[in-house]
Structure formats: structure tokens, C-alpha cells
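So you can see what is in the structure, the chains are spelled out below.
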Amino acid sequence: MSLKTMDRPVKWKGALNGSQDAREANAWHQAMEQLDRAAQKIRLEQYILERLRHAKRTLTVSVPVKMDDGTLRVFEGYRVQHNLDRGPAKGGIRFHPQVSMEEVKALAFWMTMKCAVMNLPYGGAKGGVICNPKEMSIGEIERLTRRYTAEISIIIGPDKDIPAPDVNTNEQIMGWVMDTYSMTIGYSAPGVVTGKPVDIGGSLGRREATGRGVFYITQELANVKGFDLRESSVVVQGFGNVGMNVARIFAQHGCRVVGAADVMGGIYNPEGLDVEALAEWSNKHDTISRFPKGRKISTQELLELPCDILIPAAMENQITHYNAHRIRAKYIVEGANGPTTTEADRILAKREILVVPDILANAGGVTVSYFEWVQDIQSFFWDEKDVNARLKDHMVRSFRDVHDIHTREKVDLRLAAFMLALRRLAQAVRIRGLFP
Ligand code: GLU
């Protein structure tokens, strides 16, 4: 591209070639379609779009681990920093057999957008290791975590890139990240990672933050649409940290959670599930699939249940052109990252099913991560009431910002959220200019 054409606004190129299935399964492709659409709408300069279509930094590491049986296995891991224009990079680490560089890049891009929607002073990052922690011992997971952290320690740090939990990673794992990084530099650096245990600089309220944020956003949705949340039926896909806390917090506020599922299968009870009993069952059996009080259903059937609010809180690529026609929810609030494909978005829009996008709906986690990092830097810790009140403020403010664009510019909520994020991000890119 010549310098003269750099500031021309973008033209929408539409979908790339390849089969529909392959396109939907490729998270990076989905992410770029979303970006292109928003870029065209705000008439973003071509040179800024070009920069955002590339991750700033991608690192692939091999992670040798001594297994319990004495053998050595080498795992592949990634850390991607998509953008640093608004501040240090921020985003979780996932351990999953289906992790790939393309997926991690997409997730890092969505973190850039999420932090901009929430107006947090961060860019976006993500990390992942291809592994199946369900088949590993706790010792193997610790050694994997420590070696992966050591390998990516050349690019992370409290001012550079701050990891956090994501799929299959938890507080203990973040504690090992903190310890490993601290051992390498020779002093304790709690600000290098968020979502760690409270005893070593974690924040109160961080564990429930994503679920609580989903709830605050849904409350705002109910306010603007004029329905009563306590009379609504809710279905939750995923029963990890996000899904379980979503179900609990909605139930605590008097909503009827009628369906829930994890990877092993789901459970449906139109009268409402006993969510606390379900959470206990899940902690004990590692799955909710055999919970006795309800009808057994598959994870796919769950998505198609009649309900007011459907909350996909598991993985990407769940609502696609295959099932979008059969969704019977009135509203979808995305607890997971990237659960709805762009094709499904088009189908749902035609069917007037409103989707509250991931980069807004699930941003409670990274928002309290930001609070945790601020507390670590200041060595001054807040009580849980303050954390939750500030979280609510942030979620409500961002919902209103996005909703204003949605009504004023007559675009769906995803496009509105991307437009808001992109406007903020583009301004940072313009002001900072191009080095050298
Ligand atoms: N993994 C979470 C997300 O996707 C949290 C990231 C963070 O706290 O940095 O938003």
C-alpha cells in the first residue's frame, strides 16, 4: 500500500473464499469479518485497519514437561499480543487440546476490543497451551505452567503483558505464574498476573467477576427492553468458572435457570434447576451431566431450548448457520468469547433475536482484573463491596455507550460495540503515529 492511499477509508470486502464450515470454525477469520464490518461503518482509515489485521507480536514456545511416569513430553504453547496502543497487553491463558495459533490470535484481538469497549488502559493478548489438563495430574499441570511461564517471561511483565485465567486455568495456576515470574526476576511481582489467590495479591470478587458482569449487563438489557428479569427463564451453556457463577448469580437474584450443560451433557427443568445443588454436584463429580433433578439433554439440544435468555459460556463457534434457525431464546448474552459466528449473527438478526456481544457481556472478568492490577501496583486493597460497586459502574456505563450507538446509528449491538472500541483504539493509533 502506498503512503498516499494510507488514509482512505476501507471498503467492505465481504466473506473470503472457502467452505462455510471452514470459515465458521476459524476464529481469526470470524474476528476479521467483524473488524472489517465495523471499520467500514466508521470509515476507518485503511492504514489503521491494516495494522489491526495483524497481531503485533506472536510467540510460539515448546514446553518440555517431565510426566509422572518419568517420560518427557513436549507441549506447544503460544502468547500473542495483538495490540499495545492503549496500554500493556492483557488477556488470559487457556489449556485445551484444541488451542491453535489462529484461535489465540483471535482471542487476543477480542481482548483488544474488549478493553477498548470498557475503556480500560490496556491492549489485548492471549495465551494457550495445547494439552488436556483433564488427563494430567496436578503435579504435571504445575510443571507445565511453570515452564510455559518461564518461556513467555521474555514478553510478559506488570508493564508489558499481564496474563489471567481462561478456559481450564484457575487461581492456583495464576499463583504458579506469579511465583515463577517472581523467581526469575528475583523479587515478588504480584502485578504480573491477575486472577491469583487473594493471599498473594489477588482481588476479592475476581472469581465471580465475569458471571457478575454478565448479570449486570443482562439487568441493563432488561431495563431498556422493559422486561422483568425475575420472571425470565435462563439457559446457560458451560459450567466452568463463568457458567457456574452466571447460573448462581442469576438464581440468587430470583431468576429461573431452566437449563445448564457442560462438555459431558446437560440438564433441563422448566420449573427451574436447584443451582446450588447443581454447583455442588459439579464440584463433586466434575460434571453436571448426571444431575438427577431434571431431564438429561445434549449440549446441542440445550442451545435450542425455549427460554428468554440464552447464555453461551463455554467456547467459540457454538451458534452457527447450522443451529441459528432453531434458537428459541429471545436474547443471547455471550458469556464465552466468540460463541456466535458472523453467519449466525445474520440469521439471528433476521429473526429479531438480540445478541449482546462477548466483548461487552463478558468483560466483567478483565474489568476486575484491572482492579486487581491497580490494587497490586498501589499495594492498597479494596473490600468486596467496593469491587462489585465499581464493576457495576463500569458495566452499566459501557452498556449505555454501546446501546446509544445501537439506537442512534441503527446497528446491531455487536457492530455498535466494535464501532465504540474501534473509535477509541483508532484515536490512540492516530495520536501515537508511526514509528520510526
Ligand atoms: N480470560 C478472560 C477474558 O477472556 C479474562 C482476561 C483477563 O482478566 O485479563 O476476558
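Report follows, based on the coordinates.

**Considerations on a positive patch on the surface**
Residues Arg-51, Lys-56, Arg-57 and Lys-160 make up a contiguous surface patch of positive charge. Residue position: Arg-51 is located in helix α3 (residues 46–52).

**Digging into the packing of helix α4 (residues 101–117) against helix α15 (residues 413–432)**
How two helices sit against one another is set out by the angle between their axes and by the gap between those axes. Interhelical geometry of α4 versus α15 gives an angle of 85° and a closest axis separation of 8 Å. Accordingly, the angle class assigned to the pair α4 and α15 is roughly perpendicular. Here Phe-109, Trp-110, Thr-112, Met-113, Ala-116 and Val-117 of α4 lie close against α15, whose contacting residues are Ala-417, Phe-418, Leu-420, Ala-421, Leu-422, Arg-424 and Leu-425. Among the residues making up the contact of α4 with α15, the classes are represented as eleven nonpolar, one polar and one charged.

**Observations concerning the environment of Phe-109**
Assignment of secondary structure puts Phe-109 in helix α4. For Phe-109, a relative accessible area of 0% translates into the label buried. Discounting residues that sit within four places of it in the chain, Phe-109 has contacts with Trp-28, Ala-31, Met-32, Leu-35, Leu-52, His-82 and Phe-418.

**Quick word on the side chain of His-394**
One can find His-394 in helix α14 (residues 384–408). Once you skip the residues sitting within four places of it in the chain, His-394 turns out to touch Met-118, Leu-120, Thr-367 and Phe-371.

**Here's the deal with the site of the ligand**
Surrounding the ligand, one finds 14 residues, the nearest of these being Lys-90, Lys-114, Pro-165, Asp-166 and Ser-369. At a separation of 2.8 Å, an oxygen atom of the ligand approaches a polar side-chain atom of Lys-90. Take Arg-206: an N or O atom from its side chain is 3.1 Å from an oxygen atom of the ligand. When the free accessible area of the ligand is taken as 300 Å², the share hidden by the protein chains comes to 94%. Every element with two or more residues in the shell around the ligand is listed here: α4 and α13 (364–378). Looking at the shell around the ligand element by element, the count peaks at three residues for α13.

**Points about the sheet that holds strand β7 (residues 233–237)**
If you walk across this open sheet you meet the seven strands as β10-β9-β8-β7-β11-β12-β13, and the pairing is mixed. The strands lining the two open edges of the sheet, one partner per strand, are β10 (295–297) and β13 (354–356). Neighbour-to-neighbour, the strand axes of the sheet open up by a mean angle of 20°, direction not taken into account. Bridging between strand β8 (residues 256–262) and strand β9 (residues 265–268) involves four bridges; their strand directions are antiparallel.

**Remarks on the side chain of Gln-237**
Looking at the element boundaries, Gln-237 is found in strand β7. According to the relative accessible area criterion, Gln-237 is buried, its value standing at 2%. A distance of 2.8 Å separates polar atoms of two side chains, one belonging to Gln-237 and the other to Gln-318. If sequence neighbours within four positions are ignored, Gln-237 has contacts with Ala-261, Thr-299, Leu-302, Leu-303, Ile-311, Pro-312, Ala-313, Ala-314 and Gln-318.

**Observations concerning unusual backbone geometry**
Omega for the peptide link from Phe-435 to Pro-436 comes to 0°, which places this bond in the cis form. Structurally, the position occupied by Pro-436 is in the segment after α15. Residues other than glycine seldom take positive phi values, yet Asn-119 does so here, at roughly 60°. Turning to its location among the elements, Asn-119 is positioned in the loop between α4 and β5 (123–130). By relative accessible area, Asn-119 is classed as partly exposed at 47%.

**A look at the state of the cysteines**
Under the definition given, this model contains zero disulfides. Cys-307 carries a free sulfur, and the closest cysteine sulfur to it, the one in Cys-255, is 12 Å from it.

**So, the pairing of β9**
Alternating positions in β9 separate into two faces, Gly-265 and Ile-267 on one and Gly-266 and Tyr-268 on the other, with burial throughout. In this structure, the hairpin formed by β8 and β9 is closed by a connection of two residues.

**As for the pattern of salt bridges**
One pass over the full model with this rule turns up 29 salt bridges. Between Glu-142 and Arg-146 there is a salt bridge, and its shortest N-O distance comes to 2.9 Å. Of this pair, Glu-142 and Arg-146 both sit in helix α5 (residues 138–152), four residues apart, which is roughly one turn of that helix. Residue class for Glu-142 comes out partly exposed when judged on its relative accessible area of 26%.

**A short note on the packing of aromatic side chains**
Counting across every chain of the model gives eleven aromatic pairs. With 6.4 Å between their ring centres and 55° between their planes, Phe-215 and Tyr-216 make a pair best called tilted. We note that Phe-215, like Tyr-216, is buried. Each ring, one from Phe-215 and one from Phe-250, has its centre 5.1 Å from the other, and the planes form 90°; the classification is edge-to-face. Of this pair, Phe-215 sits in helix α7 (residues 209–225) while Phe-250 sits in helix α8 (residues 241–252), and the two are 35 residues apart along the sequence. Phe-250 matches Phe-215 in its accessibility class, with the two residues each being buried. Through successive ring pairs, a cluster of aromatic residues spans Tyr-122, Tyr-370, Phe-371, Trp-373 and Trp-382. Its end group placed over the ring of Trp-28, Lys-105 keeps NZ or CZ at 4.5 Å from the ring centre. Looking at Arg-390, its charged tip hangs above the ring of Trp-382, at a distance of 4.5 Å from the centre.

Rules used in this analysis
- Residues numbered from 1 in each chain as written.
- Predicted model: local features only at pLDDT ≥ 70, side-chain atom pairs only at ≥ 80, totals over all residues.
- Heavy atoms only, no water.
- Patch = residues over 30% accessible without salt bridge, like charges linked within 9 Å, V, L, I, M, F, W, Y side chains within 5 Å.
- Areas by Shrake-Rupley, 256 points an atom, 1.4 Å probe, with all protein chains shown as cover.
- Salt bridge = Lys/Arg side-chain N within 4 Å of Asp/Glu carboxyl O.
- Lys, Arg positive; Asp, Glu negative; His and termini not counted.
- Charge placed at Lys NZ, Arg CZ, Asp CG, Glu CD.
- Helix = DSSP H or I, 4+ residues; strand = E, 2+ residues; numbered from the N terminus.
- Axes fitted to C-alpha atoms, helices over the stretch in contact; angles between N-to-C directions.
- Parallel < 35°, antiparallel > 145°, perpendicular 65-115°, else oblique.
- Contact = heavy atoms within 4.5 Å.
- Nonpolar A, V, L, I, M, F, W, Y, C, P; charged D, E, K, R; others polar.
- Buried < 20%, exposed > 50% of the residue type's maximum accessible area, 1.4 Å probe, protein only.
- Near = heavy atom within 4 Å.
- Polar contact = N/O pair within 3.5 Å; in protein donor to acceptor, adjacent residues only side chain to side chain.
- Pairing = 2+ DSSP bridges.
- Disulfide = S-S within 2.5 Å.
- Phe/Tyr/Trp six-rings, centres within 6.5 Å; stacked < 30°, edge-to-face > 60°.
- Lys NZ or Arg CZ within 6 Å of the ring centre and 35° of its normal.

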